[in-house]
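The chain contents come next:
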Amino acid sequence: ISATGAGSVTIGGSAVGGGAYELVAHTSVATEATSVEFASLNDDYISYKLVMNWVLDSQQDSYPNIRFLDGTTVLTGYAVARIAAGNQSNSTAQNDISIVYETSSFYFNSIIDIWGIGLTNSPLQVSGQSFSSTTANQIVNLGAWKAAAAGVTPDKIQIRATWSDIPVGAKIALYGLK
C-alpha cells in the first residue's frame, strides 16, 4: 500500500479509491430565469449532488422545485415526503419535487442528492435539505422517489422557481460522485 501527497492510493501497484465529487456543470444566473436546466447527463456517476444558493431582492414567494426529463419528456409521478419544524407532508403523483415548505423567503439554499440519472428502466431517488429565510419551517428535509418506467432514461435536471424567477446572481452547481 502506498499513498502520494496528492491523495492517490495504490495497493500492489494498482490504483484504488474513487468516491470523489467532480464538478459536472455550474451556472451563475446572469438574467432572471424561470428555470435552469442541466442536460445531456448520463450514468458516468454513481449519484449526483445539486447545490443551489440564491438571494431574492425582497421577501417574496419563490417556490423552488426540481423535476427531471428524458429528452424533452417531463417525468411525473413522484412520491414526495417533506419534514420541517412545524409541518410534515407525504404526497404521491406529484408533477415536480417541491424543496421548500414556506415559499416566501429572502434567501434560499439547498443540497440535493440524486440517484438514477442516466439509467434506463431504473427508479429515481432524491434526498436533501433546503433552507429558506422564513420564520417557521425554514429547514426542510425531503425525499422523493419515482418508480422505474420501461424505456425511460432521465438525462436532464430542471430547477424552477414557480411563483417568481430565479434571481440574477443565483449559484447552481451539479457534482457527480465517481
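This one's a predicted model, so the numbers in the text were calculated from it and none came from an experiment.

Cut-offs applied
All residue numbers refer to positions counted from 1 along the written sequence of the respective chain. Residue-level local features of this predicted model are given only where pLDDT is at least 70; pairs of side-chain atoms are given and counted only at 80 or more, and the full residue set underlies all totals for whole chains, interfaces and linings. Each side-chain value is derived from all of the structure's non-hydrogen atoms; neither hydrogens nor water enter the calculation. Only the six-membered ring of Trp is used, alongside the rings of Phe and Tyr, when aromatic pairs are assigned; centres must lie within 6.5 Å, and planes under 30 degrees apart are stacked while those over 60 apart are edge-to-face, with the rest tilted. The buried label applies to any residue whose accessible area, calculated with a 1.4 Å probe on protein chains only, is under 20% of its type's maximum; exposed applies above 50%, and partly exposed to all values in between. Any Lys NZ or Arg CZ found within 6 Å of a ring centre and within 35 degrees of that ring's normal is scored as a charge over the ring. Numbered from the N terminus, helices here are DSSP runs of H or I no shorter than four residues, and strands are runs of E no shorter than two. Charged residues are defined here as Lys and Arg on the positive side and Asp and Glu on the negative side; His and the ends of the chain fall outside this count. Here, a salt bridge means any Lys or Arg side-chain nitrogen found within 4 Å of an Asp or Glu carboxyl oxygen. Side-chain atoms alone can form a polar contact between residues adjacent in sequence; in general such a contact is a pair of N or O atoms within 3.5 Å, and within protein one must be able to donate a hydrogen while the other accepts it. Contacts are residue-level and defined by heavy atoms, with any inter-residue pair within 4.5 Å sufficient. Paired strands are those between which DSSP finds at least two bridges. Grid spacing is 1 Å over the protein atoms alone, the probe is 1.4 Å, and a cavity is where that probe fits but cannot get out, while a pocket is an open set with protein on both sides within 12 Å along at least five of seven lines and lining residues have an atom within 4 Å of a point. Grid points are joined across faces, edges and corners, and a volume is the space filled by probe spheres set on the points. Asp, Glu, Lys and Arg are counted as charged, while Ala, Val, Leu, Ile, Met, Phe, Trp, Tyr, Cys and Pro are counted as nonpolar; the rest, among them Gly, fall into the polar class.

As for the packing of aromatic side chains
Right, so step 1: The tally for this structure, following the rule as stated, stands at 3 aromatic pairs.
Right, so step 2: Between Tyr45 and Tyr48, the ring centres sit 5.4 Å apart and the planes meet at 70°, which makes this aromatic pair edge-to-face. For the pair Tyr45 and Tyr48, one class covers both residues: buried.
Right, so step 3: Sitting over the ring of Tyr45, Lys178 keeps its end group 5.0 Å from the ring centre.

Structural notes on the side chain of Lys146
Right, so step 1: With respect to the element layout, Lys146 can be found in strand 14 (residues 139–146).
Right, so step 2: There is no salt bridge for the buried Lys146, and the closest opposite charge comes from Asp70, which lies 9.7 Å off by N-O distance.
Right, so step 3: For Lys146, the side chain forms a polar contact with the main-chain oxygen of Thr76, separated by 2.8 Å.
Right, so step 4: Not counting residues up to four positions away in its chain, the partners in contact with Lys146 are Leu75, Thr76, Gly77, Tyr78, Pro123 and Leu124.

Regarding the environment of Ile172
Right, so step 1: Here Ile172 is to be found in strand 16 (residues 171–177).
Right, so step 2: Separated by 118 residues in sequence, Ile172 and Trp54 place their C-alpha atoms 8.4 Å apart.
Right, so step 3: What Ile172 contacts, discounting residues up to four positions off in sequence, is Ala25, His26, Thr27, Val36, Phe38, Leu50, Val51, Met52, Trp54, Ile159 and Ile166.

Remarks on the pairing of strand 15 (residues 156–161)
Right, so step 1: For strand 15, the buried fraction is high: 6 of the 6 residues fall into the buried class.
Right, so step 2: Judged by which residues are buried, strand 15 turns out to be covered on both faces: Lys156, Gln158 and Arg160 on one side and Ile157, Ile159 and Ala161 on the other are all buried.
Right, so step 3: Bridging between strand 5 (residues 35–38) and strand 15 involves 4 bridges; their strand directions are antiparallel. When the sheet's bridge partners are listed, Val36 is paired in strand 15 with Ile159.
Right, so step 4: Pairing geometry for strand 7 (residues 64–70) and strand 15, over 6 bridges, is antiparallel. In the strand pairing of strand 15, Arg67 is matched with Gln158.

A short note on the environment of Ala81
Right, so step 1: For Ala81, the location among the structural elements is in strand 9 (residues 78–83).
Right, so step 2: Along the sequence, Ala81 and Ile99 sit 18 residues apart, while their C-alpha atoms lie 9.8 Å from each other.
Right, so step 3: Each residue touching Ala81, except ones within four places of it in the same chain, is listed here: Ser89, Asn90, Asn141, Leu142 and Gly143.

Concerning empty space enclosed by the protein
Right, so step 1: The full count for this structure, using the stated rule, is 1 cavity of 30 Å³ or more.
Right, so step 2: For the largest cavity, the calculated volume is near 40 Å³.
Right, so step 3: Lining of the largest cavity is provided by Leu75, Ser122, Leu124, Lys146, Ala147, Ala148, Ala149, Val152 and Pro154.
Right, so step 4: Looking at side-chain class alone, the lining of the largest cavity contains 7 nonpolar, 1 polar and 1 charged residues.

Considering the pairing of strand 9
Right, so step 1: Only one face of strand 9 is buried: it carries Tyr78, Val80 and Arg82, and the other face, with Ala79, Ala81 and Ile83, is open.
Right, so step 2: Both strand 9 and strand 10 (residues 88–94) contribute to a ladder of 5 bridges, which runs antiparallel. Residue pairing across strands places Tyr78 opposite Gln94, the latter belonging to strand 10.
Right, so step 3: Hairpin geometry of strand 9 and strand 10 is characterised by an intervening segment of 4 residues between the two adjacent antiparallel strands.

Brief notes about the environment of Trp163
Right, so step 1: With respect to the helices, strands and loops of the structure, Trp163 is situated in the loop between strand 15 and strand 16.
Right, so step 2: Sequence spacing of Trp163 and Tyr63 is 100 residues, and the spatial spacing of their C-alpha atoms is 5.9 Å.

Comments concerning the side chain of Ser110
Right, so step 1: The topology assignment puts Ser110 in strand 12 (residues 104–115).
Right, so step 2: Polar contacts involving the side chain of Ser110 include one to the main-chain carbonyl oxygen of Gln129, which spans 3.0 Å.
Right, so step 3: Contacts of Ser110, omitting those with residues within four sequence positions, involve Leu50, Val51, Met52, Ile99, Gln129 and Ser130.

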